[in-house]
Number of protein chains: 2
Amino acid sequence: MKIFSAILILLTASTINYKDMTANPPGSEIPIKYKEIAEKIINRARADSMAWERLAYMCDTFGPRLSGSAGLEKALDWIYGEMLKDGFANVRKEPVMVPHWQSGKEYCRMTSPRWQDFPMLSLGGSIATPPEGIEAPVLVVDNKEELFKRAGEAKGRIVVFNNQWDGYGKTVQYRTRGAQWAAKAGAVASLIRSVSPIGMKVPHTGMMRYDDSIPKIPHAAITAEDVAMLKRMQKRGQSPVLKLYMEAKMLPDAQSYNVMGEIRGTELPDEIVAIGGHIDSWHTGLGAHDDGGGCIATWEVVKLLNELGLKPRRTVRAVMWTNEENGVRGGKAYAEAHKDEKHHLLFEFDSGIFPPKAIRYTGPEQTYNILQHIEPLLQMVNDSMKVTKGGWGVDIRPLADLNKIPIMSIGTEDKGRYFWYHHAPTDTPDKVDPKLLNDCIAVIAIAVYIYADMP
Amino acid sequence: MKIFSAILILLTASTINYKDMTANPPGSEIPIKYKEIAEKIINRARADSMAWERLAYMCDTFGPRLSGSAGLEKALDWIYGEMLKDGFANVRKEPVMVPHWQSGKEYCRMTSPRWQDFPMLSLGGSIATPPEGIEAPVLVVDNKEELFKRAGEAKGRIVVFNNQWDGYGKTVQYRTRGAQWAAKAGAVASLIRSVSPIGMKVPHTGMMRYDDSIPKIPHAAITAEDVAMLKRMQKRGQSPVLKLYMEAKMLPDAQSYNVMGEIRGTELPDEIVAIGGHIDSWHTGLGAHDDGGGCIATWEVVKLLNELGLKPRRTVRAVMWTNEENGVRGGKAYAEAHKDEKHHLLFEFDSGIFPPKAIRYTGPEQTYNILQHIEPLLQMVNDSMKVTKGGWGVDIRPLADLNKIPIMSIGTEDKGRYFWYHHAPTDTPDKVDPKLLNDCIAVIAIAVYIYADMP
């Protein structure tokens with residue numbers, strides 16, 4: 001019996017071996033090979049809420065992190081010090097000159113038919129009003145088509161866009177281009193309905209753009225509630241008049257930095273897997289979801305691998321890119337400074353801290369097929385995890401485009417909530433669930449470790 | 001066969017007749033007797049969105065309606081004029097002297113470890129800070145028990161209550177009594193976490209009270225987010241310091257009014273069914289749910305009955321009570337002015353405009369049993385409508401208590417949403433669904449008409 005058993009085992013073993021080398025597709029060994037490591041990662045990621053504590057500390061202590069602000073630079077210095085304490089290799093601050101736009105004092109007040117102050121936020125890049133402000137009757141339009149039709153009525157007025165939420169991609173055009181459309185029609189300023197699916201008297205800011213061939217006018221966001229009221233008043237013939245005051249200005253470029261640190265690869269240390277988020281935020285809220293959470297999560301992945309002594313073949317580098325929101329100077333500077341390095345993968349997390357649902361990949365089909373074998377391990381974190389196509393990231397794009405580097409990102413299931421907080425005073429650490437942050441960390445750590453460890 | 005059939009019909013008819021007059025409980029005729037009328041009411045109530053238009057017009061045009069404000073008095077004058085246009089009988093403004101508390105200019109700013117302005121609202125009845133404001137370190141406590149334990153640390157500090165939402169009744173105690181508890185412990189001012197289940201950087205105001213035996217200190221509400229941050233900072237030893245500035249003051253009583261109008265009863269015109277809501281609001285938001293909607297709905301009930309020529313036996317009077325929020329002077333004045341009239345029922349709607357789920361009644365058991373027979377008619381509006389016990393209303397209580405008058409109110413299914421908007425800038429007409437307002441009107445009109453028409 002003993003001999004028979006031994007022969008059976010040998011036969012079985014040799015069969016498996018044979019299959020591995022021939023019939024089994026590349027990567028099919030992953031679920032078994034990395035199971036124990038994935039378990040270690042998940043247990044460590046879920047062991048405490050230190051990642052969230054770090055996020056909350058950064059948000060609370062340094063405040064908003066707009067490019068050019070003291071808050072951003074203090075946060076970067078703190079990260080630099082913490083990465084050293086974490087025992088990362090090659091911790092460094094790489095200089096980046098960033099646009100320095102400031103919002104300054106501002107208000108929006110209805111002065112007729114009665115007085116009411118409206119919460120408002122100037123949009124990133126907007127010019128100021130004249131020092132005495134702008135007081136003018138409004139023209140509310142539901143969309144740009146209505147503005148073009150009624151262009152004759154816009155002259156000398158403040159155009160108010162009643163842009164209903166229709167998904168971010170469509171709605172955000174009113175933020176980025178609304179001032180151009182309104183100025184073309186002769187408006188003296190333009191206001192948008194904040195780009196969000198919910199109105200809770202919360203204004204949402206974000207980037208806007210001018211066209212040099214069209215006069216520049218001040219451009220700001222007010223709340224869904226106040227736009228709705230202005231529209232009702234206009235319909236009734238109550239002719240609302242607004243006073244808009246904004247000190248927004250563009251100063252000379254300011255000094256900022258990309259901050260990074262790494263764990264060196266065991267076999268191919270010069271091949272880099274760079275993972276990160278953007279450390280800058282808007283001038284409102286505390287940038288907890290956008291993108292403090294993405295920064296902390298990716299940084300924490302490197303810290304976790306380091307603490308567990310999990311060193312993959314290649315180097316894994318956490319990068320906190322600066323100035324994503326209004327310039328992408330961090331992403332561009334990283335591409336320029338690191339174009340001669342060999343990057344194996346670029347990973348960005350900038351979609352809000354919610355239940356992880358997908359690892360998204362843009363790269364060679366062969367590698368994508370291998371990555372499918374990570375799915376069972378990712379599903380140890382969250383049953384519904386998938387590996388899909390469509391990796392993206394604003395800060396990793398410049399280097400990815402330049403050197404044709406594969407891209408990976410994480411998809412989260414926000415159920416529309418992300419845009420409750422996006423670019424708004426409501427983007428605060430209490431909106432981030434420590435457990436979901438840990439789950440995101442676990443998923444990224446598994447995917448990135450295996451990718452960085454590939455033969 | 002023909003004769004047999006005729007006899008059978010006669011026999012059947014006489015059986016039914018006999019049962020109606022003897023065995024059938026009182027009110028069992030209601031579902032058939034009033035079916036056509038209920039249908040008429042529902043069709044008319046749902047015919048357009050004019051009720052909502054009226055609500056939005058009032059909110060937009062006159063703004064917040066705090067007792068003592070021009071906004072409230074302008075709204076009352078407008079209602080008076082509209083009730084005349086609606087063809088109501090005995091339209092009148094009955095004078096009521098109301099408390100005149102004003103919030104004035106105010107701000108709350110964290111000045112250490114960094115600057116951040118906090119959205120805030122002074123609480124109704126609070127005193128001002130000294131003209132230079134109050135700048136003091138904070139003591140954050142989770143509840144009053146923690147404050148009492150740590151009373152030694154409160155002296156000279158701004159006490160911040162981190163009162164988590166635990167239903168309105170429990171949580172609101174921090175708003176009404178927080179200043180007393182904090183002052184007793186030696187605090188220089190007190191702040192509460194806004195009384196709401198949701199934090200969207202929205203402050204919620206409301207009534208507070210002093211105890212004459214305890215020093216008075218300024219008392220205000222800040223947002224859930226900012227209280228959470230202060231608590232985290234305290235835990236980390238970051239010792240946050242706040243600067244609080246408030247101009248809140250109590251002026252001499254101001255002139256206000258209860259406004260009312262009616263349709264006279266056909267048989268018992270001197271017996272009154274008074275239905276209404278409170279027309280005053282806080283100094284923030286537009287008082288759309290609280291209680292503009294209740295006012296418009298009950299007023300609209302009388303208008304609808306009048307337009308349909310549905311005159312019940314008794315008089316139905318719509319009353320817009322003033323000063324519910326900070327004094328109940330309107331309800332008390334109504335009781336005093338009308339105590340010699342015979343009131344058959346008092347009805348108040350002050351629970352927000354959401355799907356109607358119940359007509360609530362407090363009165364004789366016999367009448368309650370009769371009212372059960374209205375249920376099938378109410379269910380023509382909403383399947384799940386019930387007639388239950390537990391009618392209530394702050395403004396109708398004084399007269400109900402004085403003359404033992406039955407009370408009725410409407411229960412709505414808000415799923416927690418009411419307190420997203422309650423006493424906050426977010427209480428605006430866009431939060432009120434025109435269709436649900438119509439359904440509330442239909443339900444109230446059916447219940448009130450039948451009640452006013454009872455033998």
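Residues numbered from 1 in each chain as written. Chains lettered and ligands numbered in written order. Predicted model: local features only at pLDDT ≥ 70, side-chain atom pairs only at ≥ 80, totals over all residues. Heavy atoms only, no water.

S.K.: Help me understand the pattern of salt bridges, please; the structure alone is not making it clear to me.
M.R.: Think of it this way: side chains of opposite charge can pair up when their charged atoms draw near. In this structure the tally under the stated criterion is 72 salt bridges over all chains. Between Arg329 of chain A and Asp253 of chain A there is a salt bridge, with the nearest N and O atoms lying 3.0 Å from each other. Of this pair, Arg329 of chain A sits in helix 11 (residues 329-338) while Asp253 of chain A sits in strand 10 (residues 249-263); the two residues are 76 residues apart in sequence, bridging distant segments of the chain. Given the relative accessible area of 27%, Arg329 of chain A is considered partly exposed. With a shortest N-O distance of 3.3 Å, Asp401 of chain B and Arg397 of chain B are connected by a salt bridge. A residue pair is termed a helical-turn pair when its members lie 3 or 4 positions apart in one helix, as Asp401 of chain B and Arg397 of chain B do in helix 14 (residues 397-403) at four residues. What makes Asp401 of chain B partly exposed here is its relative accessible area of 41%. Through salt bridges with shared partners, one network takes in Arg44, Asp48, Arg54, Glu82, Lys85, Asp86, Glu300, Lys303 and Glu307 of chain A. (Salt bridge = Lys/Arg side-chain N within 4 Å of Asp/Glu carboxyl O. Helix = DSSP H or I, 4+ residues; strand = E, 2+ residues; numbered from the N terminus. Buried < 20%, exposed > 50% of the residue type's maximum accessible area, 1.4 Å probe, protein only.)

S.K.: Looking at this model, I keep getting lost on the packing of aromatic side chains. Mind explaining?
M.R.: When we look at a pair of aromatic rings, we describe it by the centre distance and by the angle of the planes. If you walk through the whole model with that rule in mind, you get 35 aromatic pairs over all chains. Between Trp420 of chain B and Tyr421 of chain B, the aromatic rings sit 6.4 Å apart at their centres with planes inclined by 70 degrees, giving edge-to-face as the arrangement. On the basis of relative accessibility, which here comes to 10%, the residue Trp420 of chain B falls in the buried class. A relative accessible area of 7% means that Tyr421 of chain B is categorised as buried. Feature note: the residues Trp165, Tyr168, Phe354, Tyr418 and Phe419 of chain A constitute an aromatic cluster, connected by ring pairs. (Phe/Tyr/Trp six-rings, centres within 6.5 Å; stacked < 30°, edge-to-face > 60°.)

S.K.: Please clarify how the pairing of strand 5 (residues 134-141) of chain B should be interpreted in this entry.
M.R.: Consecutive residues of a regular strand have side chains that alternate between opposite faces of the sheet. All names here are of chain B. Taken across its eight residues, strand 5 has six buried, putting it largely inside the fold. Pairing geometry for strand 5 and strand 9 (residues 241-246), over four bridges, is antiparallel. What sits directly across from Ile134, in strand 9, is Leu244. Looking at chain direction, strand 5 and strand 6 (residues 158-161) are connected through four bridges and run parallel. Pairing of Leu139 across the sheet is with Val159, part of strand 6. (Pairing = 2+ DSSP bridges.)

S.K.: What's the story with unusual backbone geometry in this structure? I'm lost.
M.R.: With an omega of 5 degrees, the peptide bond between Ser112 of chain B and Pro113 of chain B qualifies as cis. Here Pro113 of chain B shows up in the loop between strand 2 (106-112) and strand 3 (116-118). In this chain, Asp290 of chain B is followed by Asp291 of chain B through a cis amide linkage whose omega measures 0 degrees. Secondary-structure assignment places Asp291 of chain B in helix 10 (residues 288-307). Non-glycine residue Asn323 of chain A carries a positive phi angle of around 65 degrees. Checked against the element boundaries, Asn323 of chain A lands in the loop between strand 12 (314-321) and helix 11. Relative accessible area serves as the criterion here: at 0%, Asn323 of chain A is assigned to the buried category.

S.K.: In this structure, what is going on with the sheet that holds strand 8 (residues 219-222) of chain B? I would like to understand it.
M.R.: Within a sheet, adjacent strands bond to each other through the backbone by hydrogen bonds, running parallel or antiparallel. All names here are of chain B. Ordered in space as 3-2-9-5-6-7-8-4, the eight strands form an open sheet in which the pairing is mixed. The two strands at the open ends of the sheet, each matched to only one other strand, are strand 3 and strand 4 (120-122). For this sheet, the mean inter-axis angle between neighbouring strands, taken without regard to orientation, is 30 degrees. (Axes fitted to C-alpha atoms, helices over the stretch in contact; angles between N-to-C directions.)

Bear in mind that shape data such as this cannot, by itself, settle questions of function.
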